[in-house]
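So the chains spell out like this:
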There are 2 protein chains.
Amino acid sequence: MDRPLPTLSDVAQRAGVSYATADRVVNARGGVAEKSASRVRAAIEELGYVRNLAAANLSQQRHYRFVAVLPGGDNAFFKRMRALLEEASDRLRTDRVTLTIDTVEAFDAPALCARLQALGTEGVDGLALVGSDDARVLSAIADLRARGIPVLALVSDVPGADRNGYVGIDNSVAGRTAGRLVVLAHGGRAGRVLPVVGALSARDHADRLAGFGAVVRPQLDLAPVIEGRDRKGRVAKRVAAALQADPGITAIYSAGAGNAGLIKVLESLPRDRPRPIVVLHELVPHSRRALERGLIDIVIDQRPEDAVARVVEGLRLLADKRELARTDPILPTIYLADNLPASDTSQKGETSP
Amino acid sequence: MDRPLPTLSDVAQRAGVSYATADRVVNARGGVAEKSASRVRAAIEELGYVRNLAAANLSQQRHYRFVAVLPGGDNAFFKRMRALLEEASDRLRTDRVTLTIDTVEAFDAPALCARLQALGTEGVDGLALVGSDDARVLSAIADLRARGIPVLALVSDVPGADRNGYVGIDNSVAGRTAGRLVVLAHGGRAGRVLPVVGALSARDHADRLAGFGAVVRPQLDLAPVIEGRDRKGRVAKRVAAALQADPGITAIYSAGAGNAGLIKVLESLPRDRPRPIVVLHELVPHSRRALERGLIDIVIDQRPEDAVARVVEGLRLLADKRELARTDPILPTIYLADNLPASDTSQKGETSP
DNA sequence: GCAATTTTGATAGACGTCAATCAAAATAAT
DNA sequence: ATTATTTTGATTGACGTCTATCAAAATTGC
């Protein structure tokens, strides 16, 4: 039951050829008669041989170099993402894997391209990047792939690019989810929803809003969309104005960032009448607090922890020329005041020695 | 930048001792003067040495044998879990990891203990088990741990046991989540909720119901709890009777299994008046269909995919005597009709060669 | 049948670690 | 000072794979 797994020598013996020939077959070195090759393949099949990746990598002193390229700035979500990647990076050292976290100014496509180009020549074994919808980025990715470097799109997909996979949520589904929850919270009654986004030109925001609208429109009204540019000051001003102008608003859906501004407005609302239902995205310190204080109802989170775990898993698999294990989009989590995770951000393991 | 990582020989050289001495230090073989030992430790620090796990495992022909012990029966959830574990098992072969899936009759503590005892002597490198709240199981786990075998509790925790970790959701939080959603769906109006469980003596069901009640009670009434024994026939009969007897029921929360029976009742409800809000657990074929057909509103899922990923990751880390990367409970996913995952159960990778 | 070519076999060194052995050196005990 | 003990060094083989080399054998062409 605990017998050792077959080695390539076992395969060679079984096939009645030398180790050298078996090696020529499995490593496609050529110069092997078809007759011998097929016997080797048969032996592999019969013995259930799988090559020992550890030994293979050892013999080649293979050590993986991965890079994650994230947008810079003080965005709370990416701050968290960066912290999670750094944690993962520490753990990976034992496995001869270096994960470097690289920062490029947000929305700066030329800078991103330059970075990608540089990485392409630096002997990187795989990279994950937060894409943007730009033709130059697209071709930079194509270049990397052409060099045989695996690329994963992270958080925001790059439409049309032949990346090896996308690690992130389906924003349209996330929007529909938000919509369904808002409808549910109306319990069949009429209402009018105020949608807030960063910019309608941002792909993820637009996708969310489209999904949201598709579910909500049959049941509820939609007020004109507010574009807050992800800046809390602007969001606060516009939302306050909209609520003032339209007392019939029963719900707010914020698909973008800058929610600190929205929360500020909610804080200042009169307490004697029911406040609107509020749904927004990303669990970050201020949205968490708002949930705990009952200022908002629902936070839809992209689960950066999951994303990081999948990026690491995916890059390793791809570097070994294996298949990705999971390619389905990450499902966003719906946070209510009652299912918030423990608040300590850096949880230690509870292993015993 | 791409220089090779330091080896133990480098460490020895730096410390001014022989390889043998450095080896004695890192492998705690003893017989090393404190003076030398500390110089070796300093060198390790300075060079940032991390031992090459691949080489280490290779030299010892280490190959991991893991076992997952699941309850038998035709439970849809565990069927799915088993399928997912088998998928993972296939992928793991390349890494010299064998994951065996073992089945023990549900709720049969003596049988489970016997199985665990047997595994303890078979040279297993780690196991995951669906625990039950039983003193005998508890001591069987203690035995395994005493032999140095890592144990993960899966799906259902074993209270008081010194397992290395728990992989599953927090059922109390899941119940509270369900409660909040039901409250939300009432939009401030009054209502009465019908709770359904398998048995109040089942720990997970009880936990869920307790969490649910804590959130719901301040706002809504609770009808008497139905114990359906997780059998669809019994569930159907009792729920139908309860709805008949009490027309004021505005919501149903099912914390256990046997939901096919509940769904059957919902199907037969008159279409002309609003049906109750329905929240239940586990996304399985019949609950999925009910969601798609609008017969129920919300499914709270334990994310068996996540659980499997974490079990595999965790057992490997533990077998290498490393720390668990993630010890926080899995967050259940809230499924609505609008965020159901793609229905093909066995998604293939989309890697290119 | 002989030369040219293709296919095979045998073997060796490297990767970094573990595990072991044996002799040499340093230190401690008496 | 002599013995006993502890501590070190040097070395070797194994793990399974990759890469390489060189000679031997089989096959092909003419």
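Chain A is annotated in an unreviewed UniProt entry as LacI family DNA-binding transcriptional regulator from Thalassococcus profundi.

### Describing the interface of chain B and chain A
The interface of chain B with chain A comprises 62 residues on the first partner and 62 residues on the second. On the chain B side of the contact with chain A, B:Arg96, B:Leu331 and B:Asp338 bury the most area, a combined 12% of that side's loss. If you look at where chain B meets chain A, you find 6 salt bridges. Ionic pairing is found between A:Asp306 and B:Arg303, a salt bridge with its closest N-O pair at 3.8 Å. For the pair chain B and chain A, the interface holds 16 residue pairs in polar contact (both at pLDDT 80 or more). Listed by contribution, the elements that provide at least two residues to the side of chain B that touches chain A are α4 (53-59), α8 (171-186), α13 (304-319) and β12 (333-335) of chain B. Counted by class, the side of chain B that touches chain A contains 23 nonpolar, 15 polar and 24 charged residues.

### Some thoughts on the pattern of salt bridges
Residue and element names in this part refer to chain B. Taken as a whole, this structure holds 43 salt bridges over all chains when the rule is applied. The partner of Asp221 in a salt bridge is Arg192, and the shortest N-O contact between them spans 3.5 Å. Linking Asp221 in strand β7 (residues 221-222) with Arg192 in strand β6 (residues 192-197), this pair joins segments that are 29 residues apart in sequence. Of the residues examined, Asp221 reaches a relative accessible area of 42% and is grouped as partly exposed.

### Quick notes on the protein's contact with DNA strand D
Taken together, 26 residues form the shell around DNA strand D, and within it A:Asp23, A:Tyr49, A:Arg51, B:Ser18 and B:Ser36 come nearest. Here DNA strand D approaches the protein such that, of its atoms within 4 Å, sugar and phosphate make up 69%. At a separation of 2.9 Å, a phosphate oxygen of DNA strand D approaches a polar side-chain atom of A:Gln60. B:Ala33 places a polar main-chain atom, nitrogen or oxygen, 2.9 Å from a phosphate oxygen of DNA strand D. Looking at the surface near DNA strand D, the elements with two or more residues in it are α2 (19-26) and α4 (53-59) of chain A together with α2 (19-26) and α4 of chain B. Along the lines of polarity and charge, the residues of the surface near DNA strand D split into 10 nonpolar, 12 polar and 4 charged.

### Here we look at the pairing of strand β6 (residues 192-197) of chain A
It is a general feature of regular strands that their side chains alternate between the two faces of the sheet. Residue and element names in this part refer to chain A. Among the 6 residues of β6, 5 are classified as buried, and the element is accordingly described as predominantly covered. With 2 bridges connecting them, β6 and strand β7 (residues 221-222) associate as parallel partners. By the bridge assignment, Val193 is partnered in β7 with Leu222. Crossover handedness for the path β6 to helix α9 (residues 203-216) to β7: right-handed. Pairing between β6 and strand β9 (residues 249-254): 5 bridges, direction parallel. Each residue of the ladder has a partner; that of Val193, found in β9, is Ala251.

### Details of the relation of the copies chain B and chain A
Each copy superposes on the other: chain B lies on chain A with an RMSD of 0.1 Å after a rotation of 180° and an axial shift of 0.0 Å. This pairing of chains is accounted for by a two-fold axis. A share of 98% of the interface residues of chain B reappears at the interface of chain A, consistent with the copies meeting face to face through the same patch.

### Observations concerning helix α7 (residues 135-146) of chain A
Residue and element names in this part refer to chain A. Given a rise of 1.5 Å per residue, 12 residues ought to cover 16 Å, and the 16 Å separating the end C-alpha atoms of α7 matches this to within 8%. Among the residues making up α7, those that are buried are Val137, Ala140, Ile141, Leu144 and Arg145. Along the axis of α7, the buried residues cluster in a sector spanning 140°; they form a single face. Exposed residues lying more than 90 degrees from the buried face of α7 are Ala135 and Ala146. In the core, the buried residues of α7 are packed alongside α6 (109-120), β3 (126-129) and β4 (151-154). A distance of 2.7 Å separates the backbone nitrogen of Arg136 from a side-chain oxygen at the start of α7, and that oxygen is part of Asp134. Of the residues trailing α7, Gly148 is marked for its positive phi of about 85°.

### Topic: the environment of A:Ile44
All names here are of chain A. With respect to the helices and strands, the residue Ile44 is situated in helix α3 (residues 34-47). C-alpha separation for the pair Ile44 and Thr7, spaced 37 residues apart in sequence, amounts to 9.6 Å. Not counting residues within four places of it along the chain, the set of residues in contact with Ile44 comprises Val11, Val26 and Tyr49.

Conventions adopted
- Residues numbered from 1 in each chain as written.
- Chains lettered and ligands numbered in written order.
- Predicted model: local features only at pLDDT ≥ 70, side-chain atom pairs only at ≥ 80, totals over all residues.
- Heavy atoms only, no water.
- Contact = heavy atoms within 4.5 Å.
- Buried area = accessible area lost by both parts, 1.4 Å probe.
- Salt bridge = Lys/Arg side-chain N within 4 Å of Asp/Glu carboxyl O.
- Polar contact = N/O pair within 3.5 Å; in protein donor to acceptor, adjacent residues only side chain to side chain.
- Helix = DSSP H or I, 4+ residues; strand = E, 2+ residues; numbered from the N terminus.
- Nonpolar A, V, L, I, M, F, W, Y, C, P; charged D, E, K, R; others polar.
- Buried < 20%, exposed > 50% of the residue type's maximum accessible area, 1.4 Å probe, protein only.
- Near = heavy atom within 4 Å.
- Pairing = 2+ DSSP bridges.
- Right-handed = clockwise from strand over helix to strand, strands pointing away.
- Least-squares fit on C-alpha atoms with pLDDT ≥ 70 in both.
- Expected span 1.5 Å × (residues − 1).
- Arc of directions from axis to C-beta.

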